[in-house]
Amino acid sequence: MTIPSVRIKEFNDRPVNAKGDYLLYWMVSNRRAHYNYALEYAVEEAIKRGVPLLIFEGLRTSYPWSSKRCHQFVLEGMLEQQKIFQKHKVQYIPYVEPQENAGKGLMKALAEKAMMVVTDIYPAYFIPKMQKAFSSKSPCRVIGVDSNGLMPIYAPDRTFARAYDYRRFVQKNVERFFLDRPKKQPYKSAKLIREPIELTSIYERWTIPPLPGKDQMDGFLNNINYLHEIPSGAYVGGRQAALYKLRSFLTEHLPYYHEKRNDAEQEGTSFLSPYLHFGHISPHEIFWDIIEEKGWSPHQLSAKRGGQREGFWGLDPGTEAFLDQLLVWRELGFNTCANNPEFDSFSSLPQWAQQTLLDHSSDEKEYVYELEEFEHSKTHDEIWNAAQRQLKQEGRMHNYLRMLWGKKILEWSASPMDALHVMIELNNKYALDGRDPNSYSGIFWVLGRYDRAWGPERPIFGKIRYMSSDSTKRKLKLKNYLAKYGEQPSLI
Ligand SMILES: Cc1cc2nc3c(=O)[nH]c(=O)nc-3n(C[C@H](O)[C@H](O)[C@H](O)COP(=O)(O)OP(=O)(O)OC[C@H]3O[C@@H](n4cnc5c(N)ncnc54)[C@H](O)[C@@H]3O)c2cc1C
């Protein structure tokens, strides 16, 4: 077995069904055919047990915050995968539930004919609960595989109070974990059995609509009952689109990333977060693409392993800064969600942050808004309203403004708990990259997670780091941004 054992977790203790017809890979969060440890593990098991591989990628109708925006993105990825798996004669069922609960019982029925089920480990959203419920009912063994990041999420068995502490852990363990990577396309192995799998009884019981072509996509998507009426965003889903974004980022922006990351008008970041969120691209692929292009070797690693932000990789400042976001900030969020089941509740904040927020929760407030007012950009602040419009319209928000967006929600909500609720609702409903461990990193950062106490103590914020729209105005060039997202009757 080539996959590090720390990435593998038994989800139940059922036996392998020796009479099963196939090895079932239930693709849940690593929605990709490339560089995916869970897919690789499923291929290895199928070969070892002498059965074909069946891949099932599902998309329910009523997942929390479901919308056409998310559906379209996932569907575009499915279309791409269908072609790849067809080409390699691997049986793939992309199932978009036509109406709520139409797919009830389908996974269990597939598992009844399987030797074992392999699935993705993902530490947030409704996924851990759904997999737990499924595993307790599955007639055969269910194994979860972690392909979330370069650091296996269970390698550290604790959480970290600051990015600095996690960075130090990464630096001390980089040779142990980061030099491994999943295979590019493990199903290309000549040893994999490629016989058709008999699934008549499944197709008799469940209608599995064929995926629509690009031309029929809109009609297909309009027939689904989402929880929220949100139009498609500004992104096309799938690995090819992610690779295109990665390429243009590497050539145009990476060298200046450390300087331009916070520039709202130039948008010098990678735009990869939705692709990472839906698993359309692997962080391994991004990492190796960058360092191989730079001819990097582990000899360049600094001997200093104390958690310093710059100079660790022995690369240029733009690349170092980007790797810090991708490997430290992103994976810190996965670590927190994996090791603290309370990651989305107020009580998961550090004690000092809870205390200072509660001490100031009845401070006088100049402005107090409700969820709907925030949602429809009805505050007094033009920068905030513009940022919220960008989020609603495109499904994304510039990183610097996202921090300001959150800080102002805290300032203008009746209580810090209300602010938390508003941030989670709006971020997860509209952002394509929402519902992710990093959603909770960003939102809880606003309230003091991974941060320290700041002085002087202020009204409402207490010791929590403060941000103001005026200083943002001075710091960022926002003329074009406000022209684009400022109040306009035609915007939703
Ligand atoms: C209130 C708030 C809410 C947020 N909600 C989300 C969310 O729902 N989903 C999400 O992925 N990120 C979220 N973030 C973090 C950050 O804003 C986005 O990851 C980033 O803006 C995505 O743009 P990009 O892909 O161009 O990033 P790049 O700058 O190109 O960075 C590359 C990757 O590194 C990771 N990354 C970058 N910045 C951060 C960060 N501050 N924290 C954690 N990981 C980071 C992301 O995976 C990102 O795709 C939030 C931040 C705040 C303050």
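Bear in mind the structure is a predicted one, so any value in this text is a computation, not a measurement. Here the residue numbering is sequential within each chain, running from 1 through the sequence in written order. Side-chain atom pairs in this predicted model are given and counted only at pLDDT of 80 or more, local residue features only at pLDDT of at least 70, and totals for whole chains, interfaces and linings cover all residues. Hydrogens and waters are ignored; side-chain quantities use all the structure's heavy atoms.

J.: Before we move on, can you summarise the packing of helix α11 (residues 283-293) against helix α12 (residues 317-339) with the specific residues and values?
T.: Two packed helices can be described by the angle between their axes and the distance between those axes. Where α11 meets α12, the axes come as close as 12 Å, and the angle between the chain directions of the two elements is 160 degrees. In terms of orientation, α11 lies roughly antiparallel with respect to α12. For the element pair α11 and α12, the recorded crossing hand is left-handed. Of the residues in α12, those in contact with P283, I286, F287 and I290 of α11 are T319, F322, L323, L326, L327 and R330. When the residues that make up the contact of α11 with α12 are grouped by side-chain class, the tally is eight nonpolar, one polar and one charged. The axes used here are C-alpha line fits, helices contributing only the stretch in contact, and every angle between their N-to-C directions lies in the interval 0 to 180 degrees. Here a strand is any run of E in DSSP of at least two residues, a helix any run of H or I of at least four, and the numbering for each starts at the N terminus. The cut-offs work like this: below 35 degrees is roughly parallel, past 145 is roughly antiparallel, 65 to 115 is roughly perpendicular, and the gaps in between are oblique. Left-handed describes a crossing whose near helix is turned anticlockwise from the far helix by less than a right angle; the clockwise case is right-handed. Contacts between residues were defined by any pair of non-hydrogen atoms, one from each residue, lying within 4.5 Å. Charged means Asp, Glu, Lys or Arg here, nonpolar means Ala, Val, Leu, Ile, Met, Phe, Trp, Tyr, Cys or Pro, and polar covers whatever is left, Gly included.

J.: So what's going on with helix α15 (residues 382-394)? Residues and values would help.
T.: The first and last C-alpha atoms of α15 sit 18 Å apart over 13 residues, in line with the 18 Å expected at 1.5 Å per residue. Exposure classes here rest on a 1.4 Å probe applied to the protein chains alone. A residue is buried below 20% of its type maximum, exposed above 50%, and partly exposed in between. Of all 13 residues in α15, eleven are buried; the element is thus mostly enclosed. Restricting attention to buried positions, one finds in α15 the residues I383, W384, N385, A386, A387, Q388, R389, Q390, L391, K392 and E394. For α15, the secondary structure elements touched by its buried residues are α2 (68-87), α14 (371-375), α16 (399-411), α17 (416-430), α19 (469-475) and α20 (479-485). Looking at the residues trailing α15, positive phi occurs at G395, about 80 degrees. An expected span of 1.5 Å times one less than the residue number is assigned to each helix.

J.: I'd like a rundown of the site of the ligand, residues and numbers included.
T.: The nearness test applies per residue and asks whether one of its heavy atoms lies within 4 Å of the molecule or strand. Around the ligand, the surrounding shell holds 24 residues, and the nearest of these are Y257, T269, S270, N399 and S439. Here a polar contact is recorded for every N or O atom pair within 3.5 Å, except that within protein the pair must consist of a potential hydrogen donor and a potential acceptor, and residues adjacent in sequence are included only if both atoms are side-chain atoms. Residue S270 places a side-chain N or O atom 2.6 Å away from an oxygen atom belonging to the ligand. One of the side-chain nitrogen or oxygen atoms of Q325 is found 3.0 Å away from a nitrogen atom of the ligand. The protein chains hide 95% of the 820 Å² of surface that the ligand would expose on its own. Only α10 (273-277), α12, α16 and α18 (437-446) provide two or more residues apiece to the shell around the ligand. Method for areas: the Shrake-Rupley scheme with a 1.4 Å probe, in which residue coverage is limited to the protein chains shown.

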